[in-house]
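The lines below spell out each chain.
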Amino acid sequence: QDDACAQRIIAAKQILGKRVAILAHHYQRADVYRHADLTGDSLKLSFLAAQTDADYLVFCGVHFMAEVADILSSPDQIAILPDMAAGCSMADMASLSNVERAWREISEILNPDETITPVTYINSAADLKAFCGEHNGIVCTSSNAGKVLQWSFKQREKVLFFPDQHLGRWSGHQLDIPLEEMPVWNFDEPMGGLTPEQINKAKILLWKGHCSVHQMFQPQHIIRFRNQYPDGFVISHPECNYEVCKASDYVGSTEYIINTIAAAESGTRWLVGTELNLVSRITEEFKSQGKIVQFMSPMVCMCSTMARIDPQHLAWALENLVNGNIVNQIKVPIEEAKLARLALDRMLKIS
Ligand code: 13P
Ligand code: SF4
């Protein structure tokens, strides 16, 4: 049945030719990833989406990635997400209403438009990117968060960083900002659960959001590995918690993780703290180069929402295109897209 589905995808792609580009994130399951024309981390896929001239951008990733493809491509290009249920649980942890409320509450103490740069991780809905566009803020990805923070501090003295507290904390730490100057804004509580002193003292206000996949990695996994393999290397994604990042030898985006291990010497052993589909793929890939790649957790840590994009959904979306039907189009409203693009363009310019 798997083979039959793969054949349907290959046949539909052949008919559509250059009119379609299939983009896939590194976390995509193997039976979908193999059909991709363009692969990468969130930043690379944003650049690729902006550059490709295919009529249809079929995004095998999660919802916010397809939104970014729609915003960055030209108006006559069409972004498609093969399964609308492929969301990102972290992106869902910050809503526009909660961020607007935070902005209003902060304004009781200081003028946020004069003192705060809002920074949204690309893992967020388009309306939050639009909020950043409107308030002279910016988008970041896991591969440029440090640069984006440096840019932000040139604009204003503070940052409100959403939705991923871990990426914000680690990136702030890399810029030598003390942890006590990066309190968490808990949107479930009035004034984020912070005192006016904490807000005044803060350099970065971190949002109470996280990735449900990366939260599974823990420092004890690293300790166990180091006890067993003292010469081994540990590499993690910055969505892991601060303690995990601190205990790692290298921290960076999915593209960085792949490139770092690719450049390593044969015979090296790696413990990798990121999503299972990616780690399984590179374990196989690097075996032939004599490198041993291990998954960090004893649990199965998969991005289950991204895995909803399966070969059946991909075949269905492509065959509909062959028949002249557009299904599951992702279309960001024009005004929202214009503002979101401002924040995305600021990021692309400094990346
Ligand atoms: P990358 O920036 O490495 O693509 O990470 C995106 C993501 O969603 C990780 O969970
Ligand atoms: Fe979102 Fe986490 Fe999946 Fe990345 S791995 S897309 S942050 S749920």
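Residues numbered from 1 in each chain as written. Chains lettered and ligands numbered in written order. Predicted model: local features only at pLDDT ≥ 70, side-chain atom pairs only at ≥ 80, totals over all residues.

1. A few points about the domain arrangement of the chain
Accessible area lost during the coming together of the parts is what is often quoted as the interface size.
Thought 1: What the domain assignment lists for the chain is domain 1 (2-87 + 305-332), domain 2 (91-211) and domain 3 (214-295).
Thought 2: Between domain 1 and domain 3, the C-alpha centre-to-centre distance is 28 Å.
Thought 3: Looking at the side of domain 1 that touches domain 3 residue by residue, the class counts come to two nonpolar, three polar and three charged. (Domains from an automatic or database assignment. Nonpolar A, V, L, I, M, F, W, Y, C, P; charged D, E, K, R; others polar.)

2. Quick notes on the sheet that holds strand S5 (residues 116-121)
Thought 1: Read from one edge of the open sheet, five strands run S6-S5-S7-S9-S8, paired in parallel fashion. Among the strands making up the open sheet, the edge pair consists of strand S6 (138-140) and strand S8 (184-185).
Thought 2: Sheet topology places S8 next to strand S9 (residues 204-207); two bridges connect them, and they run parallel. Within S9, the position partnered with Trp 185 by the bridge is Trp 207.
Thought 3: Lying over the sheet, helix H7 (residues 126-134) contacts S5, S6 and strand S7 (158-162), oriented at roughly 155 degrees with respect to S5.
Thought 4: Sheet strands touched by helix H9 (residues 165-174): S5, S7, S8 and S9. Its angle to S9, the strand with the most contacts, is close to 155 degrees. (Pairing = 2+ DSSP bridges. Helix = DSSP H or I, 4+ residues; strand = E, 2+ residues; numbered from the N terminus. Contact = placed C-beta atoms within 7 Å. Axes fitted to C-alpha atoms, helices over the stretch in contact; angles between N-to-C directions.)

3. Overview of the site of ligand 2
Thought 1: Ligand 2 sits among 14 residues. The nearest are Cys 88, Met 90, Cys 211, Val 213 and Cys 303.
Thought 2: Considering only residue class, the shell around ligand 2 consists of eight nonpolar, four polar and two charged. (Near = placed C-beta within 6 Å.)

4. A look at helix H15 (residues 311-322)
Thought 1: With 12 residues, H15 ought to run about 16 Å at 1.5 Å a step, and its terminal C-alpha atoms sit 16 Å apart, in line with that.
Thought 2: Within H15, the full set of buried residues consists of Pro 311, His 313, Leu 314, Ala 315, Ala 317, Leu 318 and Leu 321.
Thought 3: Where H15 is buried, its residues touch helix H1 (2-16), strand S1 (20-25), helix H2 (30-33), strand S3 (56-60) and strand S4 (78-80). (Expected span 1.5 Å × (residues − 1). Buried ≥ 20, exposed ≤ 12 C-beta atoms within 10 Å, placed from the backbone.)

5. Examining the site of ligand 1
Thought 1: As a matter of local geometry, ligand 1 sits amid Asp 41, Ser 42, Asn 123, Thr 141, Ser 142, Ser 143, Cys 211, Glu 239, Ser 253 and Thr 254.
Thought 2: Residues that form the shell around ligand 1 fall into these classes: one nonpolar, seven polar and two charged.

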